[in-house]
Amino acid sequence: MTWEGRLLTGSFRGVVFQMEAARVGGGHRVAVHEFPGSEKFATVDVGRRARTFGLRCFVVGEDYLDQRDKLMKALEKKGEGPLIHPTQGILKVVVGAWRVVESSQSLGTAEFEINFVQAAPEPFAPVAPFSLLRSKVDESSKGLMDGTADVLEDTARVDGVPEFVREAAVNELETVIGELDSSIRRGSIDLVADFVHRAARVVDRGLDLLSRPRDLAFEVQALISEVEGVIGSRRETLRILLEWATRKRPIITGASFMQRAAEANAQAVSDLVAVSSLAIAARVAVRVDWESREEALEARTAIDNVINSLETDISDELFLSLHDLRSQVSAAIPPPSRDLPHLEKYTPPETLPSLVLTHRIYGSIEHEADLIARNNISNPALVPGGQELEVLVRD
């Protein structure tokens, strides 16, 4: 590819500019030791200097005042930001000194002189091996599921009550199982059929299992744990489990004691499914191979939101277990030992084939498939210019 084809459209924090000239500075920090009364000296290389990027650029056009103000606002914002340098690629930088010049001889144009400094890398901090963080999530998940079984055993009303009170729990179980069956229909036909068959057996044994609430809890939890194997996708499994964890909870409104007891049984089964789905979702989440830091953070936020919604109605016995699960998930996602790429926005200036565009952005064609899939590009031969794309960037 020629050098013209490798030029990028310059922008800082998403504000586009035209480059007039650029300079890059670097070097090493050198300590010089000189000795009194001697012509001898010593030099010590104490490390690389931070690179500096000087740009002389401009914005032009009928709306140049708006463009000028946007770029000035971007430059005045505190902290590091993404710079798409026309010749150096995508960089993380901090703004140094800058100035803007407007002249009567070049009306409709604002010229900028900007000094950027390479942003510091993330500070080093010792991190626990990811296998240890994952095992802590697993332990917390198991503790939450065991606690859920304990709560069901304490709250389910099965002795000395009319049949309809016990059947309320079984009816809720049948409803929940039906929802589980509907959610996994996209899996392998044979695996789905086997799952549906096992789920039906749990419902058929509902009344018998209800007399042993812990056994009912373990049967339901085992069924939910099998979803990943049926679906075959951890991301899709995570999405489904978090949906189940936020399903509508039956409320207790009965006028009589027995009506309220029946509704409490239905609520207990619903809570069992919701909390167990959350616990298993956490185990799945720490095993997903996240493609970007944003994707991992989005999953962690989704889990945190589910925990927030459950905390308002959960028993005191489970509150601390939920809090512990939140802490362990926050420590493990994103994986601190992995340098996940992050997402940036990039707008190609012209329509190009995806291969050319990928090489222009990354310097190779390795990420073409990701670029196409991430941006739902329907025609890779003609990727429209002027439309914003999401691209993966490593610091």
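Relevant structure appears above.
Residues numbered from 1 in each chain as written. Predicted model: local features only at pLDDT ≥ 70, side-chain atom pairs only at ≥ 80, totals over all residues. Heavy atoms only, no water.

Novice: Any chance you could explain unusual backbone geometry here in plain terms?
Specialist: Glycine aside, a negative phi is what most residues show, and trans is what most peptide bonds show. Note that the residue after I333, namely P334, is joined by a cis bond; omega there is -5°. Within the element layout of this structure, P334 appears in the loop between α12 (316–332) and β10 (342–346). Backbone geometry at R13 places phi at a positive 50°, although glycine is not the residue there. Looking at the secondary structure, you find R13 in the loop between β1 (11–12) and β2 (15–16). We note that N376 has phi near 50°; this positive angle belongs to a residue other than glycine. Mapping N376 onto the fold places it in the loop between α14 (368–374) and β11 (389–393). (Helix = DSSP H or I, 4+ residues; strand = E, 2+ residues; numbered from the N terminus.)

Novice: Explanation requested: the environment of A168 in the structure shown.
Specialist: With respect to the helices and strands, A168 occurs in helix α4 (residues 163–183). For the pair formed by A168 and G229, sequence separation is 61 residues and the distance between their alpha carbons is 30 Å. In this structure, A168 is in contact with A262 and A266, ignoring residues within four places of it in sequence. (Contact = heavy atoms within 4.5 Å.)

Novice: In this structure, what is going on with the side chain of T109? I would like to understand it.
Specialist: With respect to the element layout, T109 can be found in strand β9 (residues 109–118). Those residues in contact with T109 that sit more than four places away from it in its chain are F58, V59, V60, Y64, V101 and E102.

Novice: When you look at the environment of C57 in this model, what are you seeing that I'm missing?
Specialist: Counting through the fold element by element, C57 comes out in strand β6 (residues 52–60). Setting aside residues up to four positions removed in sequence, C57 forms contacts with F17, Q18, M19, E20, A110, E111, F112 and I114.

Novice: Quick question: what am I supposed to make of helix α2 (residues 64–76) here?
Specialist: Three- or four-residue spacings in an α-helix give side chains the same orientation, since the helix completes a turn every 3.6 residues. Helix length check: α2, at 13 residues, gives a terminal C-alpha distance of 18 Å against a target of 18 Å (1.5 Å per residue), a fit within 8%. Buried within α2 we find Y64, R68, L71, A74 and L75. Viewed end-on, α2 has its buried residues packed into an arc of 130°, placing them on one side of the element. Away from the buried face of α2 by more than 90 degrees, exposed residues K70, K73 and E76 are located. Here the buried face of α2 lies against β1, β2, β6, β8 (89–101) and β9. (Expected span 1.5 Å × (residues − 1). Buried < 20%, exposed > 50% of the residue type's maximum accessible area, 1.4 Å probe, protein only. Arc of directions from axis to C-beta.)

Novice: It is not clear to me how a nonpolar patch on the surface should be interpreted in this structure. Could you clarify?
Specialist: On the surface, V30, V32 and F41 cluster together into a nonpolar patch covering about 300 Å² of accessible area. With respect to the helices and strands, the residue V32 is situated in strand β4 (residues 28–34). (Patch = residues over 30% accessible without salt bridge, like charges linked within 9 Å, V, L, I, M, F, W, Y side chains within 5 Å. Areas by Shrake-Rupley, 256 points an atom, 1.4 Å probe, with all protein chains shown as cover. Salt bridge = Lys/Arg side-chain N within 4 Å of Asp/Glu carboxyl O.)

Novice: How should the pattern of salt bridges be read in this particular structure?
Specialist: A pair can form between side chains of opposite charge whenever their charged atoms are brought close. Going through the model one piece at a time under the given rule, you end up with 22 salt bridges. For the salt bridge of R234 with E228, the shortest nitrogen-to-oxygen distance reads 2.9 Å. For R234, a relative accessible area of 37% gives the class partly exposed. Counted as one network, the salt bridges with shared partners bring together R68, D69 and E102.

Novice: Please clarify how the sheet that holds β9 should be interpreted in this entry.
Specialist: What holds strands together in a sheet is hydrogen bonding between their backbones, with the strands either parallel or antiparallel. With antiparallel pairing, seven strands are arranged side by side in an open sheet as β2-β1-β7-β8-β9-β6-β3. Pairing within the sheet leaves two strands with one partner each, and these edge strands are β2 and β3 (18–25). Where β3 lies against β6, seven bridges are found, and the strand directions are antiparallel. Residue pairing across strands places M19 opposite C57, the latter belonging to β6. (Pairing = 2+ DSSP bridges.)

Novice: For this particular structure, what's the right way to read the packing of helix α10 (residues 257–285) against helix α11 (residues 293–311)?
Specialist: Each pair of packed helices can be summarised by the angle the axes make with each other and by the distance between the axes. Running from amino to carboxyl end, α10 crosses α11 at an angle of 160°, the nearest separation of the two axes being 11 Å. Here α10 lies roughly antiparallel to α11, going by the angle between them. Handedness of the crossing formed by α10 with α11: left-handed. Side by side, α10 and α11 meet where A274, V275, L278, A282 and A285 of the first sit next to I303, V306, I307 and L310 of the second. (Axes fitted to C-alpha atoms, helices over the stretch in contact; angles between N-to-C directions. Parallel < 35°, antiparallel > 145°, perpendicular 65-115°, else oblique. Left-handed = near helix turned anticlockwise from the far one by under 90°.)

That is the geometry; function is a separate question.
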